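Reading the structure
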Amino acid sequence: MRRRALITLLSSCFQALHQLYYDPDIENKNLAQKWLMQAQVSPQAWQFCWALLSPEKVPEIQYFGANALHTKISRYWSDIPSDQYESLKTQLFSQIACFSSGSKMVLTRLCVALASLALNTMPEAWPGAVAEMVRVFQEEGGGVDGRARCLALLELLTVLPEEFQTSRLPQYRKGQVRGALGCEWGSVCPLLQQLLQRTDSPGAVKARVLRCLSSWVLLDVPLNESESLLHECFSALRDPELFDTAVEAIVNALSQPDSQRYVNTLLKLVPQVLGLQDQLREAVQNGDMETCHGICRITVALGENQTRTLLEQVDHWQSFLALVNMIMFCTGIPGHYPVNETVSSLTLTFWYTLQDEIMSFQVEKRTVYLQVYRPVYFQLVDVLLHKAQFPADQEYASWSSDEKEQFRIYRVDISDTLMYVYEMLGAELLSNLYDKLGRLLTNVEQPASWQHTEALLYGFQSIAETLDVNYSDVIPGLIGLITRISVNNVHLADTVMFTIGALAEWLADHPVMLGNILPLVLHALGNPDLSISSVSTLKKICRECKSDLPPYANNIVAVSQEVLIKQIHKTSQCMWLMQALGFLLSALPVEDILRNLHSLITPYIQQLEKLTNETPNPSNKLAIIHILGLLSNLFTTLDISKQDDDSADSSAPPVKTAPLPPGPNPVVVVLQQVFALIQNLLSKWLNDSQVVEAVCAIFEKSVKTLTHDFAPMVSQLSEMLGQMYSTIPQVSALDLTRQMLHIFSIEPEHFPPIKALFELVTSVTLSIFQQGRGSFSNLLQTDCQCLTQRCGLVFTFLTLPLLGLLSLKFPEAPTVKSTCFFFGIGGGAPRSLMDQFAEVLFSLNKHCFALLGVWLKEALQPPGFPSARVTTEQKNNFSQQILRERVNKSRVKEIVKEFTLLCRGLHGTEYAAEY
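Residues numbered from 1 in each chain as written. Predicted model: local features only at pLDDT ≥ 70, side-chain atom pairs only at ≥ 80, totals over all residues. Heavy atoms only, no water.

Rules: UniProt positions are given in the numbering used here, feature names are shortened, and annotations may be inferred rather than shown by experiment.
By the naming in an unreviewed UniProt entry, the protein chain is Importin-13, taken from Takifugu rubripes. Regarding the protein chain, the relevant UniProt record gives this comment under Sequence similarities (unreviewed entry): "Belongs to the importin beta family." Quoted verbatim from the Subunit (unreviewed entry) field of UniProt, the annotation for the protein chain is "Interacts with UBC9, RAN, RBM8A, eIF-1A and PAX6."

Dropping the structure here:
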């Protein structure tokens, strides 16, 4: 009977494997794969996996058998009786010997299976595992030739450390096994050395040896114990067939954290690396980028990982300086990244590391090192700016979009490096760049290429973008030079714009220069190719310099209106431009703000009225969302309350400023004027969540910006929100309600409308819970939304900072309690929301401690609630723990998590460990 069942199972396996590999129907393939995955973890896998390895089977079937063996050993080791370890080991040795001359992929999988067995049994059940592996495969017999046995052994020794790195061993076992493997290195090292040094060793064997070494050094093999093998690796770099594997072995060895302990070995390796310079230069001349890449990896691995160790060897400072110069050569390797070379990007992190180590020394020591390395870093700046240059126009046009994107990212990395280098070189670097740019632009006899000019400006931009250069005495001259640049290329124009934007804070301190700069920016605003750079620069200037912009306001508004009407820019840039205008208008007198607002937004209001009267369709929907987005972005930054802040300068004498005029805020005036139009718009588009979200965004951003100045609209907006939410609940309406509650719930004059809104939203929200999934699917306008989104919507609202206060003050909303606690923590909500439940409890505990205690006692009293799995004692313990934690929010989250696991019967399980 058992044999018949096995035959049936094997037949099913063959059928499923045939389906997986050869059936053209993707659904059949998926079904076959699912069945096979279940089969290989089943108890019967032990019976069929050996049969699948029969010599007459095709490699695909054999591979599945080998993979099933590995799966059982690595993931279900506890199922194997200890008295079967030895027979399993013997069978695997036998199968590996059989496949040593067979399919490579099956051989590798069998080796991985034996490696997993070794990791699970060493050192107790299988002491000296590696030594036995070496001995078994060195013994002649079995009809397998010596070369095949050797390659099989090397494959086994290679996958053993790799399997250790990915194994699921418990942490305590990992430490034991790592120690055992370290002891086994003594059996591996002589074998590898012997095979590398033998003149008759085939290339395939030497390549496998290098792979094996590369795998073992990742186990933190002491560098001095692998020194002789590393010397052999350097010799192998001359062999094209061994080059890649030799590079990998050397890099892995040099990158181990423990390697810095072996100073003498490192000092011996420095000349070995320096000895690669001729091979590197030869590779550059021949355009052999693969060799360049490999040698650069080795050089950087030594320099980057051993920087401090080598810096501190003062008697060998010249050899380390030579290594640094070799890395400099790699940084400046000829050609444009990434088309002609891919080497230079590997070196950038080294320059960070070297600078960090130098700057970390004590003052006296650091001064000595700076004398040596400051000139190196000035040279580095020249090299980086050269590498950042764009290629000739024709060449750049031939690049693919992917190559252009890689080059853009590469320039960003160079920018970050220059910013970092500035911390070492300081103001002298800016002076150096300024002198070079000045000579370039004033050289009449030899006009500069735009690429050279752009690169130098890019250097300035990189530094000024993130660092304070306001003190620098070269910036006024730089502004003068910028106005002299003949902009004849879009990349140069972009960099000019970004550089001006980076200097916006400096312009705020030197407003006299605005008259020279603004015409450049406003002119660029009309060029769609400069959309991002020109609009972002104008936004920065309007934000930083707004108090000095009133004389230019009419011109800025006029040009901005023109480009908006012509639709020169994409949607996101239009939004930025509106934010810029919001900053600009904030500094004007109220009457000027209202006048400019009228001219700026009247065309859009008229268009919105027209669109509102049309039958809803996808085309006018996009136009409506665009207009609403423009308004919300304008109101995000239009804030007249900050005029006093901007005029206050602690370093300047006090200036008497005119108080803000009485009356509503200009934003409120506009919103009141368009309120009826928005209500009309909502009456037709209330079913569309995107339009509703765009409407709510106008008010939400206005509330955030104006805060209490929004007060005149609280009553009518609360009423509109209530009508919206009670008709068709939307997440965006909930967010806006939260914002209103946050600001106005504690103000007595606004308490009645806010209270009414809170009660209504709470009531509607709870009715949604009671109605179940169907109504929630309608709310989310999709049938595929699950419990997570359902709970997410509710608790977006319920995690208000003031929820505790409000929910207990409003007797008309008693069910807030059950919604925020019983439903979720008892097991009805997904685990991703537990932190939000904890936030609610923490807020209640902080603001309403006494009432929370009463509520918890009452809520947890019913037997079997919130879960039949928790006892009365556990519920009491939970209450006491929560009430004790009024400061540590993280601890409250842990308590909630533990109680949730108890409620779900998952405490102490593997699931809980990953929770």
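Some thoughts on the overall build of the protein chain
Worth spelling out the cut-off: Here a helix means four or more residues in a row that DSSP labels H or I, a strand means two or more in a row labelled E, and each is numbered from the N terminus. Only protein chains enter the accessibility calculation, which uses a 1.4 Å probe; a residue whose area is less than 20% of its type maximum is buried, one above 50% is exposed, and one in between is partly exposed. Contacts are assigned to residue pairs with any non-hydrogen atoms lying within 4.5 Å of each other. Here the Shrake-Rupley method, with its probe set to 1.4 Å, supplies the accessible areas, and only the displayed protein chains count as covering residues.
Broken down by element type, the protein chain carries 47 helices and zero strands. Sorting the 915 residues of the protein chain into buried and exposed places 51% on the buried side. Put simply, 73% of the contacts in the protein chain that link residues at least 6 apart link residues at least 24 apart. When the accessible area of the protein chain is evaluated, it comes to approximately 41800 Å², of which 52% is carbon and sulfur surface.

Looking at empty space enclosed by the protein
Let me state the cut-off plainly: A 1.4 Å probe that fits but cannot get out identifies a cavity on a 1 Å grid over protein atoms alone, an open set with protein on both sides within 12 Å along at least five of seven lines counts as a pocket, and a residue lines either if it has an atom within 4 Å of a point. Grid points are joined across faces, edges and corners, and a volume is the space filled by probe spheres set on the points. Any residue outside Ala, Val, Leu, Ile, Met, Phe, Trp, Tyr, Cys, Pro, Asp, Glu, Lys and Arg is labelled polar, Gly included; the first ten of those are nonpolar and the last four are charged.
One pass over the full model with this rule turns up four cavities of 30 Å³ or more. When the residues that make up the lining of the largest cavity are grouped by side-chain class, the tally is six nonpolar, three polar and two charged.

Observations regarding the layout of surface pockets
Taken as a whole, the largest pocket holds about 800 Å³ of empty space. For the largest pocket, the lining is made up of 28 residues, of which Arg408, His491, Asp494, Phe498 and Ile532 are closest to its centre. Elements represented by at least two residues in the lining of the largest pocket include exactly helix H21 (401-425), helix H23 (450-464), helix H25 (490-502) and helix H28 (531-544). Top contributing element to the lining of the largest pocket by residue count: H21, with seven residues.

A short note on helix H8 (residues 146-166)
Put simply, the test is: The length a helix should cover is 1.5 Å for every residue beyond the first. Here a polar contact is taken to be a pair of N or O atoms separated by no more than 3.5 Å, where protein atoms must pair a possible hydrogen donor with a possible acceptor and residues adjacent in sequence count only if both atoms sit in side chains.
Compared with an ideal rise of 1.5 Å per residue, which puts 21 residues at 30 Å, H8 spans 31 Å between its outermost C-alpha atoms and is within 8% of the ideal. Capping the start of H8, Asp145 holds a side-chain oxygen 3.0 Å from the backbone nitrogen of Arg147, two or three residues further along.

Quick look at the packing of helix H22 (residues 427-442) against H23
In a pair of packed helices, the angle between the axes and the distance between the axes together describe the arrangement. Operational definition: A fitted line through C-alpha atoms serves as each axis, taken over the contacting stretch for helices, and the angle formed by two N-to-C directions is quoted from 0 to 180°. An angle below 35 degrees is read as roughly parallel, one above 145 as roughly antiparallel, one from 65 to 115 as roughly perpendicular, and any other as oblique. Two helices that cross are described as forming a left-handed crossing if the nearer one is turned anticlockwise from the farther one by less than a right angle, and a right-handed crossing if clockwise.
Here H22 crosses H23 at 155 degrees, and the two axes come no closer than 10 Å. Accordingly, the angle class assigned to the pair H22 and H23 is roughly antiparallel. Here H22 runs over H23; the crossing is left-handed. Contact residues: Leu429, Leu430, Leu433, Tyr434, Lys436, Leu437, Leu440 and Leu441 in H22; His452, Thr453, Leu456, Leu457, Gly459, Phe460 and Ile463 in H23.

Some details on the side chain of Thr158
Residue placement: Thr158 occurs in helix H8. Leaving out residues up to four positions away in the same chain, Thr158 has contacts with Arg208, Arg211, Cys212 and Ser215.

Quick look at the packing of helix H11 (residues 227-236) against helix H13 (residues 263-274)
Contact geometry for H11 and H13: axes closest at 11 Å, N-to-C directions at 5 degrees. By the angle between their directions, the pair H11 and H13 is classed as roughly parallel. On H13, the residues that touch Glu227, Leu230, His231 and Phe234 of H11 are Thr265, Lys268, Leu269, Gln272 and Val273. Considering only residue class, the contact of H11 with H13 consists of four nonpolar, three polar and two charged.

With respect to helix H31 (residues 590-612)
Under the convention used in this document: Values of bend correspond, residue by residue, to the angle between axes fitted over the seven residues ending at that residue and the seven starting there.
Bending of H31 peaks at approximately 45 degrees at the position of Ile601, with proline Pro603 no more than four residues after it. Buried residues of H31: Val590, Ile593, Asn596, Leu597, Leu600, Ile601, Tyr604, Ile605, Leu608, Leu611 and Thr612, and no others. Along its buried surface, H31 packs onto helix H29 (553-565), helix H30 (571-586), helix H32 (618-637) and helix H34 (666-685).

What to know about the nonpolar core
Rules: In this text, buried Ala, Val, Leu, Ile, Met, Phe, Trp, Tyr and Cys residues form a nonpolar core when linked through side-chain atoms within 4.5 Å. An automatic or database domain assignment supplies the residue ranges for each domain.
By size, the foremost hydrophobic cluster in this structure holds 275 residues, and its most contacted members are Phe48, Tyr373, Ile541 and Phe699. Counting contributing residues per domain, this core is built from domain 1 (1-76) and domain 2 (589-805), each supplying no fewer than three. Tyr373 has contacts with Leu311, Phe320, Leu321, Val324, Leu354 and Ile358, leaving out every residue within four places of it along the chain. Within the second largest apolar cluster, 20 residues are counted, among which are Leu852, Trp855, Leu856 and Phe878.

Looking at the side chain of Thr453
Tracing the backbone through its elements, the reader meets Thr453 in helix H23. When near neighbours in sequence (up to four residues on either side) are disregarded, Thr453 contacts Leu437, Leu440, Leu441, Ala448, Ile485 and Leu492.

Considerations on a negative patch on the surface
Using the following cut-off: Patch members must show over 30% relative accessible area and no salt bridge, and they are joined within 9 Å when carrying like charges or within 5 Å when they are nonpolar side chains of Val, Leu, Ile, Met, Phe, Trp or Tyr. We define a salt bridge as a side-chain nitrogen of Lys or Arg found within 4 Å of a carboxyl oxygen belonging to Asp or Glu. For the purpose of counting charges, residues Lys and Arg are taken to be positive, whereas Asp and Glu are taken to be negative. His and the chain ends are not included. One atom stands in for each charge, and that atom is NZ of Lys, CZ of Arg, CG of Asp or CD of Glu.
Side chains of Asp244, Asp278, Glu282, Asp288 and Glu290 sit close together on the surface and give a patch of like negative charge. Under the relative-accessibility criterion, Asp278 is labelled exposed at 57%.

Let's talk about unusual backbone geometry
Residue Pro338 is bonded to the preceding Tyr337 through a cis peptide linkage, with omega at 0 degrees. The backbone of Asp220 sits at a positive phi, close to 60 degrees, despite the residue not being glycine. Looking at the secondary structure, you find Asp220 in the loop between helix H10 (203-217) and H11. Judged by relative accessible area, which is 32%, Asp220 ranks as partly exposed. Phi is positive for Thr707, close to 45 degrees, though the residue is something other than glycine. By the element assignment, Thr707 lies in the loop between helix H35 (689-706) and helix H36 (714-727).

What to know about the pattern of salt bridges
With the rule as written, the count across this model stands at 32 salt bridges. Measuring nitrogen to oxygen at the nearest pair gives 3.9 Å for the salt bridge that ties Glu839 to Lys893. Within this pair, whereas Glu839 is found in helix H43 (residues 834-847), its partner Lys893 is found in helix H46 (residues 889-904), the two being separated by 54 residues in sequence. The exposure class assigned to Glu839 is partly exposed, which follows from its relative accessible area of 28%. Glu894 is paired through a salt bridge with Arg891; the nearest N and O atoms lie 3.3 Å apart.

Quick word on the packing of aromatic side chains
Applicable threshold: Between 30 and 60 degrees the pair is tilted, below 30 it is stacked and above 60 it is edge-to-face, where a pair is any two Phe, Tyr or Trp rings, Trp via its six-membered ring, whose centres lie within 6.5 Å. Whether a charge sits over a ring depends on NZ of Lys or CZ of Arg being within 6 Å of the ring centre and within 35 degrees of the ring normal.
Applying the stated criterion across every chain, the model contains 18 aromatic pairs. Put simply, the rings of Phe390, Tyr396, Trp399, Phe407 and Trp450 pair up and form one aromatic cluster. Sitting above the plane of the Phe329 ring, Arg281 keeps its charged end 5.3 Å from the centroid. Sitting over the face of the ring of Tyr458, Arg411 holds its NZ or CZ atom 4.0 Å from the ring centroid.

Some remarks on the confidence of the model for the protein chain
Our working rule: Confidence of the predictor at the level of single residues is given by pLDDT, which spans 0 to 100.
Mean pLDDT for the protein chain: 87, with 89% of residues reaching 70 or above. Overall, residues 773-823 carries pLDDT values under 50, and its contacts beyond four positions in sequence, including any with other chains, amount to 120 contacts.

Remarks on the environment of Pro712
Tracing the backbone through its elements, the reader meets Pro712 in the loop between H35 and H36. Here Pro712 falls in the partly exposed class, since its relative accessible area comes to 47%. With 47 residues separating them in the primary sequence, Pro712 and Asn665 have C-alpha atoms 9.2 Å apart. Those residues in contact with Pro712, other than ones at most four positions away along the chain, are Val668 and Gln672.

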